[in-house]
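This is what each chain is made of:
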Amino acid sequence: MDKKQYIEQETAKLLQYWGSFAIASGAFVIMSLSVLDYFVTPENFSKFLMYRSITAFLFIIIFVINRLTTNQFLILSACVFASLLVSIMVELMILSFGGHRSPYYAVINLLIIVVLGFLPINLTVSFMIVVATYAIYLFPILLFDKITDMASFVTDYPFMLSTFAVALLWR
């Protein structure tokens, strides 16, 4: 085995380990944060609990797949899919609770920090995750939300982009 193959093999092992850790932790955190939904938006609690339960269940399936395979592409795909799944879940919650003014946008920042901080993925994959996450967040708001609070809109989005840029530079 040459040096390049060895590095790729060890990176795959690290991705599987940290991906499993992030996915298992993610399922727990996703469900744990439902307590906040109860206090922040009780009118959406049942709907958000359903979103969270479906996402956590899919995380368990992704975790099992991730632990059972040694295929590096499948492991990477599972991790990317899990991060995009959280983005979709959070976006559904955002659209139901405040749209562009929703405090749930902070979860998108946290997601990017966790994904780029824990997973040993290259810069190209990191950039694709950031772009996809931002698109999942921004496009539905532009399409389905009426921007009524321009100050929030103008300050939240550059803050989010700055967080993404710092996370990418960190990567």
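Note that the coordinates shown come from a computational prediction; the quantities given were computed from them, not determined experimentally.

Participant: Describe the overall build of the chain, listing the residues and the values that go with them.
Facilitator: In terms of regular secondary structure, the chain is built from seven helices and zero strands. Counted from the first residue to the last, the chain has its helices and strands arranged as α-α-α-α-α-α-α. By principal-axis analysis of the C-alpha atoms, the chain measures approximately 60 × 30 × 20 Å. Within the chain, counting contacts between residues at least 6 apart in sequence, those at least 24 apart form 74% of the total. Element-wise, carbon and sulfur atoms account for 74% of the exposed surface of the chain, whose accessible area totals about 9600 Å².

Participant: So what's going on with the pattern of salt bridges? Residues and values would help.
Facilitator: With the rule as written, the count across this model stands at two salt bridges. Of the charged contacts, one joins E10 and K13 as a salt bridge, the two residues approaching to 3.3 Å between their closest N and O atoms. Here the residue E10 and the residue K13 both occupy positions in helix α1 (residues 3–32), the gap between them amounting to three residues, near one helical turn. E10 sits in the partly exposed class, given a relative accessible area of 25%. Exposure remark for K13: the relative accessible area of 46% places this residue in the partly exposed category.

Participant: Provide a residue-level description of the packing of aromatic side chains, including the pertinent values.
Facilitator: Taken as a whole and judged by the stated rule, the model has twelve aromatic pairs. For the ring pair F21 and F118, a centre distance of 5.6 Å and an interplane angle of 50° mean the geometry is tilted. One end of the pair, F21, is in helix α1; the other, F118, is in helix α5 (residues 105–118), and 97 residues separate them in sequence. Residue classification places F21 among the partly exposed residues on the basis of a relative accessible area of 38%.

Participant: Could you give an account of the side chain of S102, naming the residues involved and the relevant values?
Facilitator: Within the secondary structure, S102 is located in the loop between α4 (72–96) and α5. Given a relative accessible area of 1%, S102 falls into the buried group. Filtering out sequence-adjacent residues up to four positions away, S102 remains in contact with I94 and F97.

Participant: Pulling in residues and values, what's your account of a nonpolar patch on the surface?
Facilitator: A surface patch of nonpolar side chains, amounting to about 530 Å² of accessible area, comprises V35, L36, Y38, F39 and V40. Inspection of the secondary structure puts V40 in helix α2 (residues 34–40).

Conventions adopted
Residues numbered from 1 in each chain as written. Predicted model: local features only at pLDDT ≥ 70, side-chain atom pairs only at ≥ 80, totals over all residues. Heavy atoms only, no water. Helix = DSSP H or I, 4+ residues; strand = E, 2+ residues; numbered from the N terminus. Contact = heavy atoms within 4.5 Å. Areas by Shrake-Rupley, 256 points an atom, 1.4 Å probe, with all protein chains shown as cover. Salt bridge = Lys/Arg side-chain N within 4 Å of Asp/Glu carboxyl O. Buried < 20%, exposed > 50% of the residue type's maximum accessible area, 1.4 Å probe, protein only. Phe/Tyr/Trp six-rings, centres within 6.5 Å; stacked < 30°, edge-to-face > 60°. Patch = residues over 30% accessible without salt bridge, like charges linked within 9 Å, V, L, I, M, F, W, Y side chains within 5 Å.

Function cannot be read off these values alone, since they describe shape.
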